[in-house]
Amino acid sequence: MRTPTWVLGYHGCDREVGEAVLAGKTELLGSENDWDWLGTGIYFWENSAKRALEWSKYAKQHPEFFRVPVKTPFVVGAVVDLGNCLDLLEASSIRIVKRAHEEMREVFSTADSAMPTNAGGKPDRVMRRLDCAVINFVHDTHARRKEPPFDSVRAVFVEGKSLYDGAGFHARTHIQVCVRRSSQIIGYFRVKNRR
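Let us look at the structure shown here. Every value quoted in this text rests on a predicted model; they were computed, and no experiment measured them.

**Quick word on the overall build of the protein chain**
Reasoning step 1: From N to C terminus, the protein chain includes four helices and nine strands.
Reasoning step 2: Helices (α) and strands (β) of the protein chain occur, in sequence order from the N terminus, as β-α-β-α-β-β-α-β-β-α-β-β-β.
Reasoning step 3: Its C-alpha atoms give the protein chain principal-axis dimensions of about 50 × 45 × 30 Å.
Reasoning step 4: In the protein chain, which comprises 195 residues, the share counted as buried stands at 42%.
Reasoning step 5: Sequence-distant contacts in the protein chain: of pairs separated by 6 or more residues, those separated by 24 or more amount to 70%.
Reasoning step 6: Carbon and sulfur atoms form 54% of the exposed surface of the protein chain, whose accessible area is close to 11200 Å².
Reasoning step 7: Positive and negative side-chain charges of the protein chain, numbering 29 and 24 respectively, have mean locations separated by a distance of 5 Å.

**Points about the nonpolar core**
Reasoning step 1: If you look at the biggest cluster of nonpolar residues, it comprises 18 residues, and the most contacted ones within it are W37, L38, L86, V134, V138 and V153.
Reasoning step 2: Mapped by element, the contributors of at least two residues to this core are α3 (91–110), α4 (129–144) and β7 (152–157).
Reasoning step 3: Here this core gets five residues from one element, more than from any other, and that element is α4.
Reasoning step 4: Excluding anything up to four places from it in sequence, L86 contacts S93, I96, V97, I135, V138, F150, S152, V153 and R154.
Reasoning step 5: In this structure, C13, V21, C85 and V177 belong to the second largest nonpolar core, which totals 15 residues.

**Quick look at the pattern of salt bridges**
Reasoning step 1: With the rule as written, the count across this model stands at ten salt bridges.
Reasoning step 2: A salt bridge links D34 to R129; its shortest N-O distance comes to 3.1 Å. Highlighted residues: D34 in the loop between α1 (15–22) and β2 (42–46) and R129 in helix α4, separated in sequence by 95 residues.
Reasoning step 3: Residue class for R129 comes out partly exposed when judged on its relative accessible area of 31%.
Reasoning step 4: For D151, the salt bridge goes to R181, with nearest N and O atoms at 2.6 Å. Remark: R181 occurs in the loop between β8 (174–179) and β9 (185–190) and D151 occurs in the loop between α4 and β7; sequence separation between them is 30 residues.
Reasoning step 5: Residue classification places D151 among the buried residues on the basis of a relative accessible area of 10%.
Reasoning step 6: Salt bridges linked by common partners bring R15, E19 and R190 together as one network.

**A word on the side chain of D36**
Reasoning step 1: With respect to the helices and strands, the residue D36 is situated in the loop between α1 and β2.
Reasoning step 2: A polar side-chain atom of D36 sits 2.9 Å from the main-chain amide nitrogen of N33.

**Remarks on the pairing of β8**
Reasoning step 1: Of all the six residues making up β8, five are buried; the element is thus mostly covered by neighbouring parts of the structure.
Reasoning step 2: Where β2 lies against β8, four bridges are found, and the strand directions are antiparallel. By the bridge assignment, I42 is partnered in β8 with V179.
Reasoning step 3: Across six bridges, the pairing between β7 and β8 is antiparallel. In the sheet register, R154 faces β8, and the bridge partner there is V177.

How each quantity is defined
Residues numbered from 1 in each chain as written. Predicted model: local features only at pLDDT ≥ 70, side-chain atom pairs only at ≥ 80, totals over all residues. Heavy atoms only, no water. Helix = DSSP H or I, 4+ residues; strand = E, 2+ residues; numbered from the N terminus. Buried < 20%, exposed > 50% of the residue type's maximum accessible area, 1.4 Å probe, protein only. Contact = heavy atoms within 4.5 Å. Areas by Shrake-Rupley, 256 points an atom, 1.4 Å probe, with all protein chains shown as cover. Lys, Arg positive; Asp, Glu negative; His and termini not counted. Charge placed at Lys NZ, Arg CZ, Asp CG, Glu CD. Core = buried A, V, L, I, M, F, W, Y, C linked by side-chain atoms within 4.5 Å. Salt bridge = Lys/Arg side-chain N within 4 Å of Asp/Glu carboxyl O. Polar contact = N/O pair within 3.5 Å; in protein donor to acceptor, adjacent residues only side chain to side chain. Pairing = 2+ DSSP bridges.

What follows is the structure, given as structure tokens:
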């Protein structure tokens, strides 16, 4: 789905990596963890530098989950052209993902294998192995069928405790963008320190 928009994305990382990206010496690397809920790619918090900084602080405290250790938490801003976006805030993308799950379930059933599952506390379920597998299945299926590839994936992540009893709002809900092709990153920018 062509999402006719650019977004501001914020990526939490180590200061050394961030400074190298800002200096044009390197690019951000895509994540390939099997729990990355939007599949393989470079992750950004849409319009939230603060959440990116929180993430890099978390990465510093939990190095076992990250291939590049974070010594000094840092945030890199980016202007991202979503391009052909699997945008899970709109109906046609939701149908694509639903259909992919059904097809993937058939493949696993035929192979007599167990499907991956999402794990972690509700509502967060931060270990999104099922979601990751389904999104990557969408990309693999599109490639096999020679359909146009998706440049990015965008979705709402409902996270944290309810704001109050019966609330549909949660304390840490945010929009994340996963960029699959670094050419969709128009440029990087320095983010003011907003501790």
